[in-house]
Amino acid sequence: MSNVFCNFPWVHNYVHPNGKFRLCCTTSQDIVTNDKYHSFHAGKHSVEDYWNSNRMKEIRKNMMKGVKVKDCIKCYQQDEAGVDSLRNSSGMKDLIAQTSEDGTFKKPGKIMQLQMTNICNLKCKMCSQMYSHMNGLELLEMGKVSPEWLLWVKEQGANVNNWTNELGEKQEWYKNEEYKLKMFKHISQNIEYLNVVGGEPTLVPEFYEMFEYCEKEGTLGNKSITLVTNLTNTNPKLVNFLPKLKKWKIWASIDGIGERTEYIRYPSKWKKVLESLDFYKDLTNSSNGGITLSPAIQLLNIDQLDDIIKWWKSYVGGELDEKWGFTWLATVWYPLICNPNIAPQQWREKLADRLLNTKFDNFYSNFVNALKKEELPLHKRQDLQRSFMRYNDAQDKFRGITKTWRDLCPELATAIAEEQKKV
């Protein structure tokens, strides 16, 4: 395997929630237009416009020569650390053979991740304006009560909230009718596997228009689709569309059991989440579909990880398989106050010993054992713990919730209080 090559610039399209084209969800660089200043945007450009742009050709040329690409730095870092990255070199020899010397690749990609919007109905603890306009609107409202607190949040940056773009602003690239139809046409004619993410895609009328377009063109049946959803909204239209797909998968964003997920994914309701799960579960009985549980592992739910796994196995009626899955244990790294590494060392060690009583798989065991490592020095943990308390205490008070993080995670609250006393 090449230590530089990745097939994504040959097989994959990615649209960020703000409408910008990028190589994939791991990258943070937008694909720039030929003037090297502006960026390709789905509301102004088609996939065909950027696919063989100067920047894309440069990326392919560098990969073919074994030269690292700045967009891919996160994957290179993960590879060097011995952690599996998203980098995929399959088909390298054939793809290079089909690529012109200047980096032009005439075949379209067959895979797409469409981050359709940042419109959402939730204000999740680990989220930001980038993925939920409601998160941004709440920050603005809190800022009216305490301008000093809002300034502190902005200054803290990724420590407490991944603040991006103007707060409360909706990202709706698909409102440009011309380029929306160009995107639908490209998906209909070329894309075989589509991963749809938000925001919350099921809230967007254009999400269903995309299905209608493909059905009208007779291409719906050759597509495999993954839908990432918070399970707070279902639409009867999906009863018509999902069974007609070649294959479909729901990635269920559930971060805890009962009131814990209601707290993290505020203001979701556990009853509604279960109703939505049943809705999709019933559809799997008559079509080639499945559900994968996809929790975002963080400080506020890692103590429930074993119970989440046990609950999910019980819900699907036994062992997990291709139809009933569980994602890799994706840790929330940012905001930093959501990362389990900021928790007191003794609390993490005790938690790891308890979680290891649950036998799941080797990845789970390695993940849990990593809790015992002391990744951050004491002073850094204490600083982040203080930010964690200030941010969540203020948010809990503003929301007027009956059970705060201190009530839901009493052992964590006690452990943080004790570590704050250390010098």
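Criteria and thresholds
Residues numbered from 1 in each chain as written. Predicted model: local features only at pLDDT ≥ 70, side-chain atom pairs only at ≥ 80, totals over all residues. Heavy atoms only, no water. Helix = DSSP H or I, 4+ residues; strand = E, 2+ residues; numbered from the N terminus. Rg over C-alpha atoms; globule rule 2.2 N^0.38 Å. Buried < 20%, exposed > 50% of the residue type's maximum accessible area, 1.4 Å probe, protein only. Contact = heavy atoms within 4.5 Å. Areas by Shrake-Rupley, 256 points an atom, 1.4 Å probe, with all protein chains shown as cover. Axes fitted to C-alpha atoms, helices over the stretch in contact; angles between N-to-C directions. Parallel < 35°, antiparallel > 145°, perpendicular 65-115°, else oblique. Left-handed = near helix turned anticlockwise from the far one by under 90°. Nonpolar A, V, L, I, M, F, W, Y, C, P; charged D, E, K, R; others polar. Pairing = 2+ DSSP bridges.

S.K.: Tell me what's going on with the overall build of the protein chain, and back it up with residues and numbers.
M.R.: For the protein chain, the helix and strand inventory stands at 18 helices and 8 strands. Against the globule reference of 22 Å for 423 residues, the protein chain gives a C-alpha radius of gyration of 22 Å, in line with a compact fold. For the protein chain, the C-alpha atoms occupy an extent of roughly 65 × 50 × 50 Å along the three principal directions. In the protein chain, buried positions account for 55% of the 423 residues. Nonlocal contacts in the protein chain, meaning residues at least 24 apart in sequence, comprise 72% of its contacts between residues at least 6 apart. In the form shown here, the protein chain has an accessible surface area of approximately 19,300 Å², with 51% of it arising from carbon and sulfur atoms.

S.K.: Please provide a residue-by-residue account of the environment of L95, values included.
M.R.: Checked against the element boundaries, L95 lands in helix α5 (residues 92-97). The sequence separation of L95 and K107 amounts to 12 residues, and the corresponding C-alpha distance is 9.8 Å. When residues no more than four places from it in sequence are discounted, the contact partners of L95 are F5, N7, W10, V11, S90 and F105.

S.K.: Help me get a handle on the packing of helix α7 (residues 147-156) against helix α16 (residues 378-399), residues and values and all.
M.R.: Relative orientation of the contacting elements α7 and α16 amounts to 135 degrees, with a least axis distance of 12 Å. Classified by the angle between their axes, α7 and α16 sit oblique to one another. The chirality of how α7 crosses α16 is left-handed. Facing E148, W149, W152, V153 and Q156 of α7, the residues of α16 in contact are S387, R390, Y391 and A394. Split into classes, the residues belonging to the contact of α7 with α16 amount to 5 nonpolar, 2 polar and 2 charged.

S.K.: Please provide a residue-by-residue account of the packing of helix α6 (residues 133-145) against α16, values included.
M.R.: The contact between α6 and α16 brings their axes to 11 Å, and the two run at 90 degrees. Relative to α16, the element α6 lies roughly perpendicular. Along its contact with α6, which presents E138, L139, E141, M142 and V145, the element α16 presents Y391, A394, Q395, F398 and R399. Of the residues that constitute the contact of α6 with α16, the class distribution is 6 nonpolar, 1 polar and 3 charged.

S.K.: Before we move on, can you summarise the sheet that holds strand β7 (residues 289-293) with the specific residues and values?
M.R.: Strand order in the open sheet made by the 8 strands is β2-β1-β3-β4-β5-β6-β7-β8, with mixed pairing throughout. Whereas interior strands pair on both sides, the edge strands pair on one side only; in this sheet they are β2 (21-22) and β8 (324-326). Strands in contact with helix α8 (residues 177-190) are β1 (12-15), β2, β3 (111-115) and β4 (193-197); relative to β3, the strand with the most contacts, it is inclined by about 145 degrees. The sheet contacts of helix α9 (residues 205-217) involve β3, β4 and β5 (224-229), and relative to β4 the element is tilted by about 165 degrees.

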